[in-house]
Amino acid sequence: MDLETRNQRIYGVIRDVPKGSVASYGQIAEIAGIPRGARQVGYALRCLPKGHSLPWFRIITASGRIAFPEDTRAFRIQRDRLREEGVRVENGKVDMKTFRWQPDLDELLWKPRDTWDED
DNA sequence: CTGATGACTATAG
DNA sequence: CCTATAGCCATCA
C-alpha cells in the first residue's frame, strides 16, 4: 500500500467521524486498516493540504486528551471547535466514554435497511 | 544506512 | 494525576 492510498484511507475515515463525536488516532488507524498506525495518522494530519475540509479536530489521543500543549494556538482552536459541536472539553480532556465515536452503532443508525435482516 | 523524531499507546509504579 | 519505559513505524537529516 503506497503513501497516497494510505493517506486517502485515513482521510476517508476521519471524514466519517460524525459531528459531536471524537475518535482516537489509533482508532482511526485501525478502521483504516493500518494496525499500530496511530503515529501515521498523526503524521498524515500534520501534512494536511492547505484547503482541506477535514474534521481534524475530532481526532484526539486514546486517553481523551488533545494532543497539543495547552499553550498553543492549535490547542485552543481544536478545543473551541469541539465545543462548538457540543463536545465537552474540560482541562484539555474529553470524556471518551461519552463522546468516543462508535462506528458499529453508527452504521446501524445510518443504513438500517441494508444491514438488517428483515425478513 | 543510521539514529532521531513525533498531532501515538499501553503498562507499571 | 504524573513520570518512566518500551513498543510502534513513516520520515527526515
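Refer to the structure above for everything that follows.
Residues numbered from 1 in each chain as written. Chains lettered and ligands numbered in written order. Predicted model: local features only at pLDDT ≥ 70, side-chain atom pairs only at ≥ 80, totals over all residues. Heavy atoms only, no water.

1. Considerations on the pattern of salt bridges
Throughout the structure, instances matching the rule amount to 3 salt bridges. The salt bridge involving Arg79 is made with Asp80; its shortest N-O contact spans 3.2 Å. Accessibility expressed as a relative area gives 34% for Asp80, which makes it partly exposed. Between Arg88 and Glu90 there is a salt bridge; the shortest N-O distance is 3.1 Å. Classification of Arg88 by relative accessible area gives exposed; the value is 56%. Residue Glu90 is classed as partly exposed on the basis of its relative accessible area, which comes to 48%. (Salt bridge = Lys/Arg side-chain N within 4 Å of Asp/Glu carboxyl O. Buried < 20%, exposed > 50% of the residue type's maximum accessible area, 1.4 Å probe, protein only.)

2. Considering the protein's contact with DNA strand B
Looking at DNA strand B, there are 13 residues lining it, with Tyr25, Gly26, Arg39, Thr61 and Ala62 nearest. Backbone sugar and phosphate groups make up 41% of those atoms of DNA strand B lying within 4 Å of the protein. The backbone of Gly26 places a nitrogen or oxygen atom 2.9 Å from a phosphate oxygen of DNA strand B. At 2.8 Å from a phosphate oxygen of DNA strand B is found a main-chain nitrogen or oxygen belonging to Ala62. Only α2 (25–31) and α3 (38–46) provide two or more residues apiece to the surface near DNA strand B. Per element, the largest residue contribution to the surface near DNA strand B is 5 residues, and it comes from α3. Residues that form the surface near DNA strand B fall into these classes: 7 nonpolar, 4 polar and 2 charged. (Near = heavy atom within 4 Å. Polar contact = N/O pair within 3.5 Å; in protein donor to acceptor, adjacent residues only side chain to side chain. Helix = DSSP H or I, 4+ residues; strand = E, 2+ residues; numbered from the N terminus. Nonpolar A, V, L, I, M, F, W, Y, C, P; charged D, E, K, R; others polar.)

3. A few points about the packing of aromatic side chains
With the rule as written, the count across this model stands at 1 aromatic pair. An angle of 80 degrees between the planes, with centres 5.9 Å apart, marks the rings of Trp56 and Phe57 as edge-to-face. Owing to a relative accessible area of 19%, Trp56 belongs among the buried residues under this scheme. (Phe/Tyr/Trp six-rings, centres within 6.5 Å; stacked < 30°, edge-to-face > 60°.)

4. What to know about the environment of Ser53
Mapped onto the secondary structure, Ser53 falls in the loop between α3 and β2 (59–60). What makes Ser53 exposed here is its relative accessible area of 69%. Note: C-alpha distance between Ser53 and Arg15 (38 residues apart in sequence) is 8.8 Å.

Remember that the coordinates give geometry; whether it matters functionally is a separate question.
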